[in-house]
Amino acid sequence: MTTRYRVEYALKSHRRDQLIEWIKGLLAVPFVLHSQPTTIQQEHNERLAEVAHDTHQRYAEIFRDVEGLLNDHIEHERSEAAGKSKLRLLVPPVGTFFTRLYLEEAFKYQDKQRFISRRRFVAPSFNDVRLILNSAQLLGLVRTKGLQLVTFDGDVTLYDDGACLAADSPVIPRILRLLRQNIKVAIVTAAGYTEAAKYYERLQGLLDVLHDSTDLTDDQRSGLIVMGGESNYLFQYDSSSPHKLTYVPREKWLLPEMMSWDEEDVKKLLDIAESSLRACVANLSLPVSVLRKDRAVGVYPQIKGQLHREQLEETVLVVQNTVERSEAGSRLPFCAFNGGNDVFIDIGDKSWGVRACQRYFGGIQPARTLHVGDQFLSAGANDFKARLASTTAWIASPAETVQLLDELDDLQHSTAN
Ligand code: IMP
Ligand code: MG
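The rules we used
- Throughout, a residue's number is its position along its own chain's written sequence, starting from 1.
- Chain labels run from A onward and ligand labels from 1 onward, assigned in the order the entries are written.
- In keeping with the model being predicted, local features are shown solely for residues with a pLDDT of at least 70 and side-chain atom pairs are shown and tallied solely at 80 or more, while totals for entire chains, interfaces and linings include all residues.
- Computation of side-chain values: all heavy atoms of the structure, hydrogens and water removed.
- UniProt positions are given in the numbering used here, feature names are shortened, and annotations may be inferred rather than shown by experiment.
- Working definition: rings of Phe, Tyr and Trp (its six-membered ring) pair if their centres are within 6.5 Å, and the pair is stacked with planes under 30 degrees apart, edge-to-face with planes over 60 apart, and tilted otherwise.
- Remark: exposure states derive from per-residue accessible area (1.4 Å probe, protein chains only) relative to the maximum for the residue type, with buried under 20%, exposed over 50%, and partly exposed in between.
- Comment: the charge-over-ring label is applied if NZ (Lys) or CZ (Arg) is within 6 Å of the ring centre and within 35 degrees of the ring normal.
- Axes, fitted as lines to C-alpha atoms, cover a helix only where it is in contact. Angles between the N-to-C directions of the axes lie from 0 to 180 degrees.
- Secondary structure elements follow DSSP: runs of H or I of four or more residues count as helices, runs of E of two or more count as strands, with numbering from the N terminus.
- The contact criterion used is simple: two residues touch if any of their non-hydrogen atoms lie within 4.5 Å.
- Residues are sorted three ways: Asp, Glu, Lys and Arg are charged, Ala, Val, Leu, Ile, Met, Phe, Trp, Tyr, Cys and Pro are nonpolar, and all the rest, Gly among them, are polar.
- A helix's residues, less one, multiplied by 1.5 Å, set its expected span.
- Only a single heavy atom is needed: when it lies within 4 Å of a molecule or strand, its residue is near that molecule or strand.
- A 3.5 Å cut-off defines polar contacts: any pair of N or O atoms within that distance qualifies, except that in protein one atom must be a possible hydrogen donor and the other a possible acceptor, and neighbouring residues in sequence count only when both atoms are side-chain atoms.
- Two cysteine sulfurs form what is called a disulfide whenever their separation falls within 2.5 Å.
- The pairing criterion is simple: DSSP has to find at least two bridges between the two strands.

- Under an unreviewed UniProt entry, the chain has the name IMP-specific 5'-nucleotidase 1 and belongs to Aspergillus lucknowensis.
- The UniProt entry for the chain carries the following text under Subunit (unreviewed entry): "Homotetramer."
- Entered under Cofactor (unreviewed entry) in the UniProt record, the comment concerning the chain runs "Mg(2+)".

**Topic: the packing of aromatic side chains**
Here comes step 1: Following the criterion strictly, the structure yields nine aromatic pairs and no others.
Here comes step 2: Ring geometry for Y360 and F361: centres 5.8 Å apart, planes at 65 degrees, overall edge-to-face.
Here comes step 3: Residue class for Y360 comes out partly exposed when judged on its relative accessible area of 25%.
Here comes step 4: Put simply, the rings of Y193, Y199, F235 and Y247 pair up and form one aromatic cluster.
Here comes step 5: Looking at R143, its charged tip hangs above the ring of Y102, at a distance of 4.8 Å from the centre.
Here comes step 6: Over the ring of W352 we find R355, and its NZ or CZ is 5.4 Å from the ring centre.

**Focus on the packing of helix 3 (residues 45-78) against helix 5 (residues 103-114)**
Here comes step 1: Running from N to C, helix 3 and helix 5 point in directions that differ by 145 degrees, and their axes come no closer than 7 Å. Taken together, the residues of helix 5 that come into contact with helix 3 (itself represented by H56, Y59, A60, F63, R64, V66, E67 and L70) are L103, E104, F107, K108 and D111.
Here comes step 2: A class-by-class count of the residues in the contact of helix 3 with helix 5 yields seven nonpolar, one polar and five charged.

**Examining helix 3**
Here comes step 1: With 34 residues, helix 3 extends 49 Å from end C-alpha to end C-alpha; this agrees with the ideal 50 Å at 1.5 Å per step.
Here comes step 2: Backbone geometry just after helix 3 places E80 at a positive phi near 55 degrees.

**Let's talk about the site of ligand 1**
Here comes step 1: By nearness alone, 16 residues border ligand 1, and D153, T189, K293, D342 and D346 come closest of all.
Here comes step 2: A190 is positioned such that a nitrogen or oxygen atom in its backbone is 2.8 Å from an oxygen atom of ligand 1.
Here comes step 3: Each residue belonging to the shell around ligand 1 can be placed in one class, and the counts come to five nonpolar, five polar and six charged.

**Notes on the state of the cysteines**
Here comes step 1: Enumeration according to the criterion identifies zero disulfides in this entry.
Here comes step 2: Here C357 stays free of any disulfide, with the sulfur of C335 as its closest cysteine sulfur at 15 Å.

**Digging into the sheet that holds strand 7 (residues 296-301)**
Here comes step 1: Overall, antiparallel pairing links the four strands, which are arranged 6-7-9-8 in an open sheet. Each edge of the open sheet is held by one strand with a lone partner, namely strand 6 (288-292) and strand 8 (334-338). Each neighbouring strand pair of the sheet contributes to a mean axis angle of 15 degrees, computed without reference to strand direction.
Here comes step 2: With five bridges joining them, strand 8 and strand 9 (residues 343-347) adopt antiparallel strand pairing. Residue pairing for strand 9: F334 is matched across the bridge by I347.

So this is what it looks like as structure tokens:
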């Protein structure tokens, strides 16, 4: 491994989101200056409310200023001078924003939910900022061009890791609500299978409920697609098929650039990834089996939970680094990620998956697409790449996905009125 990787691992920068960390740092100042836990006993309620009000104002000002910097960054990107934006200087890895982010308003909303400025001992956290960014993104989507496509990751986003979407899952009526609003829905998952039967097994609850629903048109139902293996297999909802999904041949949806992906390179890349995985298995004595598919290779343990985080992360970073330095790896996009219990390397990534869904539905713009996922760290996480193709929301559990979709619905109603 190169020195850079070792240093990065040591500092764990790949386990931190730079924009969120930076915002947290800004909020730490008013938190320290305004919250005085030592005097809490002497204060009566009136004083507490006053301090909370003051802290709220300071936090809101910070979010207003960051929102201004984001707007400036968007302007610089439009004029193709992104490198000169002040935000880029402050947070170098910051990417592209497809819509405005209404941060001040989002903070005010989340402060009402989470009482952030009332806290005296716990500073604004990673999760506070993550949820504020999600709310700001939803506002940006409904206030600018309007939402046309929501893409969902599978594991951890729609169901628990490795689980299936059961018919009583609360996310199902929310997905149906989107379809009823003529918003397209794609499940963009790493889980890569060539047969509809396998996806039916994982998504049966949703597919059966959709089949039995009486208030959706056929057009609205066929607004549900599944993109498997990150960007490798496309299926569309189809009531007449035994597994309610029909395979869409690649020539019907591949992006022009994807057509030039050479099958020889695919094989070479997976060979390199596989031998690198096998070297990790030997080196770290991993209790796993190796699984080679036509567009992916991975390792998974015999018993769930047998691998610890350090083993998973080491394996991802070693394989990613090895493939990156290979010739096939320089010609083909790939995604190496830690699936929580396993490590997989897929051909392509979710930026290609989301773009292909946008194109399949007639060319939906990034500013009208939202990808919801749980893996947004810069290394070893597979939703991260979707940021290149669409706006994103970073959730931490299926319950948060439900909350996010309800928040979206509330916003759509309040914007329409
Ligand atoms: P996601 O969270 O929906 O993207 O699903 C990721 C999980 O799918 C991985 O952690 C694996 O357990 C599983 N999986 C099954 N087949 C594949 C494959 O071909 N590539 C990557 N992951 C796969
Ligand atoms: Mg996931």
